[in-house]
Amino acid sequence: MSQHEQDKELQLIAQQTQNWVERVIMKYNICPFARREVERGSIRYAVIDESKMHMVLEALITECKLLDENPEVETTLFIIPRGFEGFYPYLDLVDLANDLLIDQGYEGVYQLASMHPDYCFDGEPMDEPSNYTNRSPHPVLHIIREASMEQALADYDEPETIPERNIEFSQRKGSEFFAKLLSECMKK
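Residues numbered from 1 in each chain as written. Predicted model: local features only at pLDDT ≥ 70, side-chain atom pairs only at ≥ 80, totals over all residues. Heavy atoms only, no water.

1. Describing the side chain of His116
Here's step 1: Here His116 is to be found in the loop between β3 (110-115) and β4 (140-145).
Here's step 2: Sequence-distant contacts of His116, that is, excluding residues within four places in its chain, are made with Phe84, Glu85, Gly86, Phe87, Tyr90, Asn134, Arg135, Ser136, His138 and Pro139. (Helix = DSSP H or I, 4+ residues; strand = E, 2+ residues; numbered from the N terminus. Contact = heavy atoms within 4.5 Å.)

Structure (structure tokens):
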């Protein structure tokens, strides 16, 4: 694959993820804080062209440093399209990434939210509709500024109801509805 083809592929992966944020997460208010950042253009979509654990973790710390230096970027969707297609290897990555943030002094600065095409909440069947609230087109580590999250939660009435509302909404809409939405996000 030529460099040009590879760049186009990475751009497409970023676009598919952005489609998902706008057409699913924002449109259906899965995350009530997404709309503001989409409208401000403050979300960074970083596609990591690595598949080895240590290289992905190194890129994660590089991304945190980029956020340190660019306060106008509110959040990064750190997209990992290769090497973590399986949900369990991805969960291993999440655990190591969280440990690394602590080791690198980022505890209390950034937190990670996890999204994956096969996301499954612990103890839930794979076909449970609520899993779709965390199902994304590609494996993603969402790097969130903790101070911003604390402020957003403080400004939001009853933030503890967000997961309950999402579960209720996903149950009402069903898995087929969300599977179709995800599929549509993969189109150009």
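2. Considerations on the pattern of salt bridges
Pairs may arise between side chains of opposite charge once their charged atoms sit close together.
Here's step 1: Using the criterion set out here, one finds eight salt bridges in the structure.
Here's step 2: For Glu39, the salt bridge identified is with Arg35, shortest N-O distance 3.6 Å. Of this pair, Glu39 and Arg35 both sit in helix α2 (residues 34-40), four residues apart, roughly one helical turn.
Here's step 3: On the accessibility criterion, Arg35 (39% relative accessible area) is partly exposed.
Here's step 4: Glu168 serves as the salt-bridge partner of Arg172, at 3.8 Å between the closest nitrogen and oxygen. With a gap of four residues between them, Arg172 and Glu168 both fall in helix α6 (residues 161-173), about one helical turn apart. Of the two residues, Arg172 and Glu168, both sit in the exposed class.
Here's step 5: The network of salt bridges with common partners includes Glu9, Asp49 and Arg82. (Salt bridge = Lys/Arg side-chain N within 4 Å of Asp/Glu carboxyl O. Buried < 20%, exposed > 50% of the residue type's maximum accessible area, 1.4 Å probe, protein only.)

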